[in-house]
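Residues per chain, in single letters:
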Amino acid sequence: MKKRIFFKHKASIKDLPEYDPDSEVTSLAYTIPFWISLLNKVLANNFEHSSTFAKENLKRELQELKFNIETLILHMEENDDRL
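So, how was this worked out
Positions within a chain are numbered from 1, following the residues in the order the chain's sequence is written. Owing to the predicted nature of the model, reporting of local features is limited to residues with pLDDT of at least 70; listing and counting of side-chain atom pairs is limited to 80 or more, with chain, interface and lining totals taken over all residues. Think of the side-chain values as coming from all heavy atoms in the structure, minus any hydrogens and water. Segments assigned H or I by DSSP are reported as helices when at least four residues long, segments assigned E as strands when at least two residues long, and all are numbered from the N terminus. Residue burial is assigned from relative accessible area. The probe radius is 1.4 Å, only protein chains are included, and a residue is buried under 20% of its type maximum, exposed over 50%, and partly exposed in between. Each patch is built from residues that are more than 30% exposed by relative accessible area and take part in no salt bridge. Like charges join if they lie within 9 Å; nonpolar side chains (Val, Leu, Ile, Met, Phe, Trp, Tyr) join within 5 Å. Exposure was quantified through the Shrake-Rupley algorithm and a 1.4 Å probe, taking into account, for residues, occlusion by the shown protein chains and nothing else. When a carboxyl oxygen of Asp or Glu is within 4 Å of a side-chain nitrogen of Lys or Arg, the pair counts as a salt bridge.

Novice: What am I meant to see in the overall build of the protein chain here?
Specialist: If you tally the helices and strands in the protein chain, you get two helices and zero strands. For the protein chain, the proportion of its 83 residues judged to be buried stands at 0%.

Novice: Any chance you could explain a nonpolar patch on the surface here in plain terms?
Specialist: Taken together, the side chains of Leu39, Val42, Phe47, Leu58, Leu62, Leu65, Ile69 and Ile73 present a nonpolar region at the surface, about 590 Å² in accessible area. When contributions to the nonpolar patch are tallied by element, the ones reaching two or more residues are α1 (23-44) and α2 (52-79). With five residues, α2 is the largest single contributor of residues to the nonpolar patch. Take Leu62: it is sitting in helix α2.

Structure representation (structure tokens):
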């Protein structure tokens, strides 16, 4: 059996990734289609078998999501005249 040789690599400042101001926005934009897919699956599901607790919890979270989406859109419109 061959012996494996491992080399230690010390991270330095030059190895760190550069700051990307678009990373969070881009990440969110790529995540949204997944959420839309999940929402469509729930819409296609028959709600009569879901518990009241689950539906109330989902409604509360969707209302919070809706508020945050509307707040983000408003913030973007107020702070970027290119939209």
